[in-house]
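What the coordinates show
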Amino acid sequence: MKVKSLGTAATSTALFVTALTGTVATAGTAAAAPPQDCSKAIVNVKAKETVKVRTAPKTSATALGIWGKGKRGGVCNDGKAYKGGSYTACGKKSNLWYYGGDKVNGWVPKTCINW
């Protein structure tokens, strides 16, 4: 019985923190992605290859759309790259990601964007 009441207390605390902060903390997950400031964007950059634009900086994240090869788009956050999941794309291995896109913004592999 004691374990059950501790679980209820932990759940109640998590719900309270979520209500205050608007975020959910989970054990064993990576830190939240940095804020995406597209008011400071590098524009007219091209994708080297067609890449998926994702909801998070990792290849397992949901694809929001694609950034077509040679299509011009923008990279937010003054073009700063962020660490995320490792990948091999456009002939290189990396774990750096940009936030941006051509039609929809999301996370794209840094190795596939041409300045």
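Figured I'd write up the structure that's included with this text. (Residues numbered from 1 in each chain as written. Predicted model: local features only at pLDDT ≥ 70, side-chain atom pairs only at ≥ 80, totals over all residues. Heavy atoms only, no water.)

Topic: unusual backbone geometry
Note the following rule: Strands are runs of DSSP state E lasting at least two residues, helices are runs of H or I lasting at least four, and both sets are numbered from the N terminus onward.
A positive phi angle is found at Asn77, which is not glycine, with a value near 60°. Note on placement: Asn77 falls in the loop between strand E4 (72-75) and strand E5 (82-89). Of note, the phi angle at Cys90 is positive, near 55°, even though the residue is not glycine. Note on placement: Cys90 falls in the loop between E5 and strand E6 (92-101).

Considering the packing of aromatic side chains
Put simply, the test is: Pairing of aromatic side chains here covers Phe, Tyr and the six-membered ring of Trp, requires ring centres within 6.5 Å, and sorts the geometry by plane angle: under 30 degrees stacked, over 60 edge-to-face, intermediate tilted. The buried label applies to any residue whose accessible area, calculated with a 1.4 Å probe on protein chains only, is under 20% of its type's maximum; exposed applies above 50%, and partly exposed to all values in between.
Counted by the stated rule, this structure contains three aromatic pairs. Judged by centre distance (6.0 Å) and plane angle (90°), the rings of Tyr82 and Trp107 are edge-to-face. Placement of the pair is Tyr82 in strand E5 and Trp107 in strand E7 (residues 106-109), with a sequence separation of 25 residues. The class for Tyr82 is buried, based on a relative accessible area of 15%. You can call Trp107 buried: its relative accessible area is 1%. Clustering of aromatic rings is evident, with ring pairs tying together Tyr82, Tyr99 and Trp107.

Such coordinate-based values are descriptive only and should not be taken to indicate function.
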